[in-house]
Amino acid sequence: MLDAKSNPNYENADYTEMAAAWKIVRDVSGGTKRMRAAREIYLPREPGELDPAYQRRLDRAVLFNGYKKTRGGLTGLVFKRDPVIGDDVPANIVKDLENIDLAGTHIDVFAKELFEDSFEGHAFILVDMEKALPEGATAEDERDAGLRPYCVRYKVDQAVNWKTSRINGEEHLIQITFRECSYESDGEFGEKEVTRYRTFRRNPDGTVTWELKLLQKTDSGEDSFILVGEGTTKLDLIPVAIVYGKRLGLMKSEPPLLDLAYLNIAHWQEYSDYRHLLHYAQVPMLLRKGANKEQQAVVPGAGTTLDVPDGGDVRWCSE
């Protein structure tokens, strides 16, 4: 069995350190449904509080998503006007920007989605290209074949491990692995989730190579990786750009609105307490005076009859 550090899905120390903050901002931005699903993580259970009572309190809790509204407002301010393409940009590149990712996404939409991704700390743009033509092919041959560079967005948690080094006085990536998850056809109507790991390396000789491995599970449940693609680029640096929301260092960041997410969690907890107390304050309790032990508790309502013994009484107790 390979050591975990020899597997492409190894998560390095910086990844692990940053992951907690990603979960917080994602859970808060997920709204009431996601916060309720997190249960005690954000809404602690009180000492001695039984499951039914906790569930009722949880079901009354509603999140006012100030974090998501603020993030959306800031994005709207930045992209109030669409990006302007300079007059000096070649016509063929301008055309490519109309479908920047070969999935029909215009540069305006791509930039906005990338900006939103950076609110988790940072995000990535990978400049990729389909398999090159045979040796000797020209740029014109590539255009005729419909081959051209395109951009791929990756979220912060998709880069699971990386290495850096100083090259010509500047700190650069010399290795990075991206996790790619997708759903593929399985049977006539079904589908299955498939996970691949794409690794780029800048080698000591200055070349940049890549490899793609498919994750599979062995019969014993261990991770197994199958090499499904590899190659050498014509580049001398890994073609990845990093877009930071709040930079702490190369490949290190923090969600810029993390403190707001914490405040939103505090409001979630306080509003839960408020609604819980309000429920008990607004719902009066039925007081039965003179009932004996044999008389069972009743739920008052239309069609309900309450027997009151001599000297007994029934009243609502609201204070």
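Quick caveat: nothing in here was measured; it's all calculated off a predicted structure. (Residues numbered from 1 in each chain as written. Predicted model: local features only at pLDDT ≥ 70, side-chain atom pairs only at ≥ 80, totals over all residues. Heavy atoms only, no water.)

Q: Could you clarify how one ought to interpret the packing of aromatic side chains in this entry?
A: Think of a pair of aromatic rings as described by two things: how far the centres are apart, and how the planes are tilted against each other in angle. One pass over the full model with this rule turns up 7 aromatic pairs. Relative to F225, the ring of Y197 lies with its centre 5.9 Å away and its plane at 75°, an arrangement referred to as edge-to-face. Remark: F225 occurs in strand β7 (residues 223–232) and Y197 occurs in strand β5 (residues 190–202); sequence separation between them is 28 residues. For the pair formed by Y197 and F225, the shared burial category is buried. (Phe/Tyr/Trp six-rings, centres within 6.5 Å; stacked < 30°, edge-to-face > 60°. Helix = DSSP H or I, 4+ residues; strand = E, 2+ residues; numbered from the N terminus. Buried < 20%, exposed > 50% of the residue type's maximum accessible area, 1.4 Å probe, protein only.)

Q: Could you clarify how one ought to interpret the layout of surface pockets in this entry?
A: It is a probe the size of a water molecule, rolled over the atoms, that shows where empty space is left. Considered as a void within the structure, the largest pocket measures approximately 990 Å³ in volume. V127, D128, M129, E130 and W210 are the residues nearest the centre of the largest pocket, which is lined by 30 residues in total. When contributions to the lining of the largest pocket are tallied by element, the ones reaching two or more residues are α6 (107–117), β1 (122–129), β2 (149–154), β5 and β7. Ranked by residue count, the leading element in the lining of the largest pocket is β2, at 6 residues. Residue lining of the second largest pocket: 17 residues in total, with N92, I93, D96, R148 and P149 positioned closest to the centre. When residues of the lining of the second largest pocket are traced back to their parent elements, those giving at least two are α5 (91–97), β1, α7 (139–144) and β2. Considering every element that reaches the lining of the second largest pocket, the biggest residue donor is α5, with 5 residues. Taken together, the residues of the lining of the second largest pocket sort by class into 10 nonpolar, 2 polar and 5 charged. (1 Å grid on protein atoms, 1.4 Å probe; cavity = no way out; pocket = protein on both sides within 12 Å on 5 of 7 lines; lining within 4 Å. Points joined across faces, edges and corners; volume = space filled by probe spheres on them. Nonpolar A, V, L, I, M, F, W, Y, C, P; charged D, E, K, R; others polar.)

Q: How should I be thinking about the pattern of salt bridges in this particular structure?
A: Side-chain pairs of opposite charge can arise where the charged atoms are in close proximity. Within this structure, the stated rule accounts for 22 salt bridges. Where R34 meets D27, a salt bridge forms, and the shortest distance between an N and an O atom there is 2.7 Å. Here D27 falls in the buried class, since its relative accessible area comes to 2%. Residues joined by salt bridges that share partners form a network here, namely R39, E40, R45 and D51. (Salt bridge = Lys/Arg side-chain N within 4 Å of Asp/Glu carboxyl O.)

Q: Explanation requested: the sheet that holds β7 in the structure shown.
A: Strand pairing in a sheet relies on backbone hydrogen bonds, with the paired strands running either antiparallel or parallel. A sheet is described by the order of its strands in space; here 5 strands give the open sequence β3-β4-β5-β6-β7, paired in antiparallel fashion. Strands at the two margins of the open sheet, each flanked by one partner only, are β3 (159–167) and β7. Within this sheet the neighbouring strands show an average axis-to-axis angle of 25°, counted without direction. One ladder, built from 9 bridges, connects strand β6 (residues 208–217) with β7; its direction is antiparallel. Paired with Q216 across the strands is S224, a residue of β7. Across the face of the sheet, helix α1 (residues 13–29) comes into contact with β3 and β4 (170–186) while running at roughly 125° to β3. (Pairing = 2+ DSSP bridges. Axes fitted to C-alpha atoms, helices over the stretch in contact; angles between N-to-C directions. Contact = heavy atoms within 4.5 Å.)

Q: Would you mind showing me how to read the sheet that holds β1 here?
A: With antiparallel pairing, the 3 strands of this open sheet are ordered in space as β2-β1-β8. Every other strand in the sheet has two partners, leaving β2 and β8 (240–244) as the edge strands with one partner each. Strand-to-strand twist in this sheet, taken as the mean axis angle between neighbours without regard to direction, amounts to 25°. Summarising the sheet, β1 and β2 pair through 6 bridges and their orientation is antiparallel. Bridge pairing in β2 links F124 to Y154.

Q: Could you clarify how one ought to interpret helix α2 (residues 31–38) in this entry?
A: In an α-helix, one full turn covers 3.6 residues, which means residues spaced three or four apart are oriented alike. Where α2 is concerned, the buried positions are G31, T32, M35 and A38. Projected down its long axis, α2 carries its buried residues within an arc of 125°, all on one side. Across α2 from its buried face, at more than 90 degrees, point the exposed residues K33 and A37. Just downstream of α2, R39 is the residue with a positive phi angle, here 50°. (Arc of directions from axis to C-beta.)

Q: I would appreciate a short explanation of the packing of α1 against helix α4 (residues 66–78) in the present structure.
A: The packing of two helices is summarised by the inter-axis angle and the distance between the axes. Two elements in contact, α1 and α4, have axes whose closest approach is 7 Å; the angle formed by their N-to-C orientations is 95°. By the angle class used here, α1 and α4 are roughly perpendicular. Residues V25, V28 and S29 of α1 lie in contact with α4, whose contacting residues are Y67, K68 and R71. Here the residues of the contact of α1 with α4 are counted per class, giving 3 nonpolar, 1 polar and 2 charged. (Parallel < 35°, antiparallel > 145°, perpendicular 65-115°, else oblique.)

Q: Help me understand the confidence of the model for the protein in this model?
A: Interpretation of this model should avoid reading the predicted coordinates in detail wherever pLDDT is low. Confidence along the protein averages 88 in pLDDT terms, with 91% of residues attaining 70 or more. Mean pLDDT per element in the protein: strand β11 (residues 285–289) is the minimum at 69, and β8 is the maximum at 97. (pLDDT = per-residue confidence, 0-100.)

Q: Would you take a moment to explain the environment of A261 for this structure?
A: Following the sequence through the fold, A261 ends up in helix α8 (residues 258–282). Residue A261 is classed as buried on the basis of its relative accessible area, which comes to 0%. In this structure the C-alpha to C-alpha distance between A261 and N65, which are 196 residues apart in sequence, comes to 9.1 Å. If near-sequence neighbours (up to four positions away) are discounted, A261 is found in contact with I24, V25, V28 and Y67.

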